[in-house]
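Next come the chains, spelled out residue by residue.
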Amino acid sequence: MSRSAAAAAAWRERDRLPRYWFANRLVLTLSGQRPVHTLLGHALPAAYDQLIELAPRAPLRPAGERATAPLVRRCGEYQPRHGVIEAFARIASGDRLTALAFRLELGADARWRCAAIDLGPLA
């Protein structure tokens with residue numbers, strides 16, 4: 001396997017982790033690349049209400065004509081107890097870095113759902 005194929009496989013494996021899967025979906029929604037309803041069923045009511053409020057402003061939309069689309073650079077997690085992930089992500093868009101925090105909760109149906117989102121103070 002070539003080095004680039006191995007790197008691509010590692011990225012695919014990473015993106016299967018719940019924290020990365022949700023971070024990527026949140027970035028797509030909060031940058032205006034995907035409609036908020038794509039997360040319907042993947043977010044609890046309070047978090048979905050947050051998304052409905054944030055999405056029209058597209059707070060992660062790249063600034064300027066030549067800016068690159070935002071990308072999840074790194075995503076970490078803390079598990080305060082079983083079935084809960086408190087995640088944090090570094091989002092890069094060109095030379096701009098933004099922090100994104102969110103909480104995931106494991107439902108009785110064994111599916112992860114976003115329970116809260118925090119982008120910090122927005123301009």
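All values reported here derive from a predicted model rather than from experimental measurement.

(A) How the structure looks around the overall build of the protein chain. Along the backbone of the protein chain there are three helices and four strands. Each helix and strand of the protein chain, ordered N terminal to C terminal, gives the series α-α-α-β-β-β-β. Relative to the compact-globule value of 14 Å for 123 residues, the protein chain shows a C-alpha radius of gyration of 15 Å, a close match. Each principal axis of the C-alpha distribution contributes one length, and for the protein chain these read about 40 × 40 × 25 Å. When each of the 123 residues of the protein chain is scored for burial, the buried share is 33%. Sequence separation of 24 or more characterises 47% of the internal contacts of the protein chain that already satisfy a separation of 6 or more.

(B) Highlighting the sheet that holds strand 3 (residues 96–106). Read across the open sheet, the four strands follow the order 1-2-3-4; overall the sheet is antiparallel. What marks the edges here is a single partner per strand, and that holds for strand 1 (71–81) and strand 4 (112–118). Between one strand axis and the next, the sheet turns through 25° on average, direction left out of account. Relative to strand 3, strand 2 (residues 84–93) runs antiparallel, the two sharing 10 bridges. What sits directly across from phenylalanine 88, in strand 3, is alanine 101. Contacts from helix 2 (residues 18–30) reach strand 1, strand 2, strand 3 and strand 4 within the one sheet, and its direction differs from that of strand 3 by about 125°.

(C) Inspection of the environment of arginine 25 at higher detail. Among the structural elements, arginine 25 can be located in helix 2. Sequence spacing of arginine 25 and valine 36 is 11 residues, and the spatial spacing of their C-alpha atoms is 9.6 Å.

(D) Fine view of the nonpolar core. Core analysis: the biggest nonpolar cluster contains 27 residues, and Leu51, Val72, Cys75, Leu100, Phe102, Cys114 and Ile117 have the highest contact counts within it. When contributions to this core are tallied by element, the ones reaching two or more residues are helix 2, helix 3 (45–54), strand 1, strand 2, strand 3 and strand 4. Per element, the largest residue contribution to this core is six residues, and it comes from helix 2. Setting aside anything within four residues of it in sequence, one finds cysteine 114 in contact with Phe22, His42, Ala43, Leu44, Ala47, Phe102, Arg103 and Leu104.

(E) Broad picture of the pattern of salt bridges. In this structure the tally under the stated criterion is five salt bridges. Arginine 113 is the salt-bridge partner of aspartate 109, the closest N and O atoms lying 2.7 Å from each other. The partly exposed category is assigned to aspartate 109, whose relative accessible area is 41%. Residues participating in the shared-partner salt-bridge network are Glu86, Arg103 and Glu105.

Conventions we followed
- Residues numbered from 1 in each chain as written.
- Predicted model: local features only at pLDDT ≥ 70, side-chain atom pairs only at ≥ 80, totals over all residues.
- Heavy atoms only, no water.
- Helix = DSSP H or I, 4+ residues; strand = E, 2+ residues; numbered from the N terminus.
- Rg over C-alpha atoms; globule rule 2.2 N^0.38 Å.
- Buried < 20%, exposed > 50% of the residue type's maximum accessible area, 1.4 Å probe, protein only.
- Contact = heavy atoms within 4.5 Å.
- Pairing = 2+ DSSP bridges.
- Axes fitted to C-alpha atoms, helices over the stretch in contact; angles between N-to-C directions.
- Core = buried A, V, L, I, M, F, W, Y, C linked by side-chain atoms within 4.5 Å.
- Salt bridge = Lys/Arg side-chain N within 4 Å of Asp/Glu carboxyl O.

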